[in-house]
Amino acid sequence: MEDSPVGLDKWLTATWLIVNCKNGISSYEVHRALGITQKTAWFLDHRIRLAMQDDLTGGMLGGEVEVDETFIGGKARNMHKRDKRRKGLKGGGAAGKAIVLGILEREGKVRATVIPDRTKSVMQENVRPHVEAGSQIYSDEAGSYWRMDDEYTHEIVNHAEAYVRGNVHTNGLENFWSLLKRSIGGSYVSVEPFHLFRYIDEQAYRYNNRKMTDAERFDIAVKGIVGKRLTFNQLTGKETESRPQIN
């Protein structure tokens, strides 16, 4: 908020809206509600999302942990016939889509990040730093390619056969994916891959604090601004921005 021409009343109102709207709130809605330009609302929203970003001081996840990935991107039927990505998306393909990895501690927090691919090395590099050794991991059939049986107890459910096998399922993360995609598809409509992690941070914040009251979520978000700064050049990619690998 330092040296911001936007008044504190607008900052705090925008913060309340973002942290408490379950499906997010677009910059156009904020612009109309607060009487500021859409460009200003967009910049303001992203700076608030930075305050909502997890600083990873809560330690590693443990106990029963779900690990799953999802694809974020457009549908083939909505693309122009000459779009090169259209062919790869037919039949549920992942061409041109961003891959998001989620790690959820049951009855605890979720952490999610954009990953370049689903290779064994990438999956293991993103799971190992955030899940305590000896934990019980649950994943879908894709987990068979990256499982680390020397470090974790790993149970797999094949979604081609069933979505639940006793206590083995990834339904907790499926719930989070549903909320994330509803906010992107319903409120934000079009999200650039470059900014995708910011919207993931936002949804993870609301999910991790879902049992709090609106006032409590707002209070934590306001306290989260300390020591954080995001310039317009960083937001638009003209300057490098440092951030945690996973939120």
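Each remark here, short or long, concerns the structure printed above.
Here is what the cut-offs are and how they apply
- Residues numbered from 1 in each chain as written.
- Predicted model: local features only at pLDDT ≥ 70, side-chain atom pairs only at ≥ 80, totals over all residues.
- Heavy atoms only, no water.
- Pairing = 2+ DSSP bridges.
- Helix = DSSP H or I, 4+ residues; strand = E, 2+ residues; numbered from the N terminus.
- Axes fitted to C-alpha atoms, helices over the stretch in contact; angles between N-to-C directions.
- Contact = heavy atoms within 4.5 Å.
- Buried < 20%, exposed > 50% of the residue type's maximum accessible area, 1.4 Å probe, protein only.
- Patch = residues over 30% accessible without salt bridge, like charges linked within 9 Å, V, L, I, M, F, W, Y side chains within 5 Å.
- Areas by Shrake-Rupley, 256 points an atom, 1.4 Å probe, with all protein chains shown as cover.
- Salt bridge = Lys/Arg side-chain N within 4 Å of Asp/Glu carboxyl O.

Asker: Whenever I open this one, the sheet that holds strand β3 (residues 110-115) confuses me. Can you help?
Answerer: Two modes of strand pairing occur in sheets, parallel and antiparallel, and in both the strands are linked by backbone hydrogen bonds. Judged by pairing direction, the sheet is mixed, and its 5 strands sit side by side in the order β3-β2-β1-β4-β5 without closing on themselves. Of all the strands in the sheet, the pair left with one neighbour each is β3 and β5 (153-157). Here the strands of the sheet are splayed against their neighbours by 20 degrees on average, with no regard to which way each runs. In this sheet, strand β2 (residues 98-105) lies alongside strand β1 (residues 64-72) in antiparallel orientation, the contact comprising 8 bridges. Looking at the pairing, Asp-68 lines up with Gly-102 of β2. The strands that helix α7 (residues 196-208) touches are β1, β2 and β3; relative to β3, the one it contacts most, it runs at about 170 degrees.

Asker: I keep staring at the environment of Glu-132 and nothing clicks. Help me out?
Answerer: Within the secondary structure layout, Glu-132 lies in the loop between α5 (120-127) and β4 (136-140). The partly exposed category is assigned to Glu-132, whose relative accessible area is 40%. The sequence separation of Glu-132 and Met-60 amounts to 72 residues, and the corresponding C-alpha distance is 5.9 Å. Setting aside anything within four residues of it in sequence, one finds Glu-132 in contact with Met-60, Leu-61, Gly-62 and Tyr-152.

Asker: Could you clarify how one ought to interpret a nonpolar patch on the surface in this entry?
Answerer: On the surface, Met-1, Leu-8, Ile-225 and Val-226 cluster together to form a nonpolar patch covering roughly 380 Å² of accessible area. With respect to the helices, strands and loops of the structure, Ile-225 is situated in the loop between α8 (214-223) and α9 (232-235).

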